[in-house]
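Chain residues, written in single-letter form:
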Amino acid sequence: MPGGVHAARIIVAVDELRSEWIEQVRERPGLVEILPSKGSDAVVVDLLLLAPDVGPVSDVSFPVGRLARGGGVGAALVVAHSKSLDEPIRVTLASSIAEAMDGLRASGWDGSPGRFVIPGHDPLKGYLTQVELALDGER
């Protein structure tokens, strides 16, 4: 993107969303709910860092919000879209998930529901990635 850098991507597979999950944090005003499109496999949220002279951006789909960055260094643009995956996230990341689960159990995880994140990096495109996964006792 001219005048900007794709800094990060968060991916949440639709089958990782849990209807009984309740966020255990304080109320956050201005929260934007991002619903997946019917028939899609995942929701993808991208963070784009814009240079100070970049005005409104019209060539991105599904903008969620634009935030001023500190020190007048530009803006951060949050963009979301639905996506179809080549294979289920738990198949793609099976070894990373097994390693994370072993670590959680060794740390004393009691099997209560929650979530965890597997971080990564796309060396070709240069951005950081986070894949969010549900944490439940039956997996």
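Because the structure is predicted, anything quoted here is derived from the model rather than measured. (Residues numbered from 1 in each chain as written. Predicted model: local features only at pLDDT ≥ 70, side-chain atom pairs only at ≥ 80, totals over all residues. Heavy atoms only, no water.)

## Here we look at the nonpolar core
Just so we agree on the cut-off: As used in this record, nonpolar core signifies buried Ala, Val, Leu, Ile, Met, Phe, Trp, Tyr and Cys residues forming a set joined through side-chain atoms within 4.5 Å. Partly exposed residues are those whose accessible area sits between 20% and 50% of the maximum for their type, while under 20% is buried and over 50% is exposed, using a 1.4 Å probe and protein chains only. Secondary structure elements follow DSSP: runs of H or I no shorter than four residues count as helices, runs of E no shorter than two count as strands, and numbering proceeds from the N terminus. Contact between two residues is taken to exist if any of their heavy atoms lie within 4.5 Å; hydrogens are not considered.
Formed by 14 residues in total, the largest nonpolar core has its most connected members in Ile 89, Ile 97, Phe 116 and Leu 133. At the level of elements, β1 (4-13), β2 (42-50), α2 (94-106), β5 (114-121) and β6 (128-135) are the ones that each hand at least two residues to this core. Per-element tally for this core: the top contributor is β6, with 3 residues. For Ile 89, the contacting residues outside a window of four places in its chain are Ile 11, Ala 13, Ile 97, Val 131 and Leu 133. In terms of nonpolar packing, the next biggest core, distinct from the first, is built from 6 residues, Leu 50, Ala 75, Leu 77 and Val 79 among them.

## Side note on the pattern of salt bridges
Here is the rule we go by: Between Lys or Arg on one side and Asp or Glu on the other, a salt bridge is scored when a side-chain nitrogen of the former is within 4 Å of a carboxyl oxygen of the latter.
Summed over all chains, the structure comprises 3 salt bridges. Residues Arg 9 and Asp 46 are paired through a salt bridge, measuring 2.6 Å at the closest nitrogen-oxygen approach. Taken together, the residues Arg 9 in strand β1 and Asp 46 in strand β2 connect sequence positions 37 residues apart. Note on accessibility: Arg 9 and Asp 46 belong to one class, buried. Its salt-bridge partner being Glu 132, residue Arg 115 comes within 3.3 Å of it at the nearest N-O pair. Separated by 17 residues along the polypeptide, Arg 115 in strand β5 and Glu 132 in strand β6 bring together distant segments of the chain.

## Quick notes on the side chain of Glu 16
Basically, it comes down to this: Whenever two N or O atoms come within 3.5 Å, that pair is a polar contact, provided that in protein one can donate a hydrogen and the other can accept it, and provided that, for residues adjacent in sequence, both atoms are side-chain atoms.
Relative to the helices and strands, Glu 16 is located in the loop between β1 and β2. Residue class for Glu 16 comes out buried when judged on its relative accessible area of 6%. One polar contact links Glu 16 to Arg 90, side chain to side chain, over a distance of 2.7 Å. A polar contact of 2.8 Å, which involves the side chain of Glu 16, links it to the backbone nitrogen of Ala 134.

## Observations concerning the layout of surface pockets
Note the cut-off: Detection works on a 1 Å grid of protein atoms alone, calling trapped sets that fit a 1.4 Å probe cavities and calling open sets with protein on both sides within 12 Å along at least five of seven lines pockets, with lining residues defined by an atom within 4 Å of a point. Grid points are joined across faces, edges and corners, and a volume is the space filled by probe spheres set on the points. Note on residue categories: nonpolar means Ala, Val, Leu, Ile, Met, Phe, Trp, Tyr, Cys or Pro, charged means Asp, Glu, Lys or Arg, and polar means any other residue, Gly included.
Of the voids in this model, the second largest pocket is the one considered here, and its volume is about 290 Å³. Lining the second largest pocket are Arg 9, Ile 11, Lys 83, Ser 84, Leu 85, Asp 86, Glu 87, Ile 89, Thr 92, Leu 93, Thr 129 and Val 131. Elements with a contribution of two residues or more to the lining of the second largest pocket: β1, α1 (89-92) and β6. In the lining of the second largest pocket, the residues fall into 5 nonpolar, 3 polar and 4 charged.

## Some words on the sheet that holds β1
Going by this rule: In this scheme, strands are said to pair when DSSP sees at least two bridges between them. Geometry is summarised by axes, namely lines fitted to C-alpha atoms with helices restricted to the contacting stretch, and by angles between N-to-C directions that run from 0 to 180 degrees.
The 6 strands lie next to each other as β3-β4-β2-β1-β6-β5, forming an open sheet whose pairing is mixed. Two strands lie at the open edges of the sheet, namely β3 (63-68) and β5, each paired on one side alone. Pairwise comparison of adjacent strand axes, ignoring direction, gives a mean angle of 20° for this sheet. Each of β5 and β6 touches α2; the most contacted strand, β5, lies at about 130° to it.

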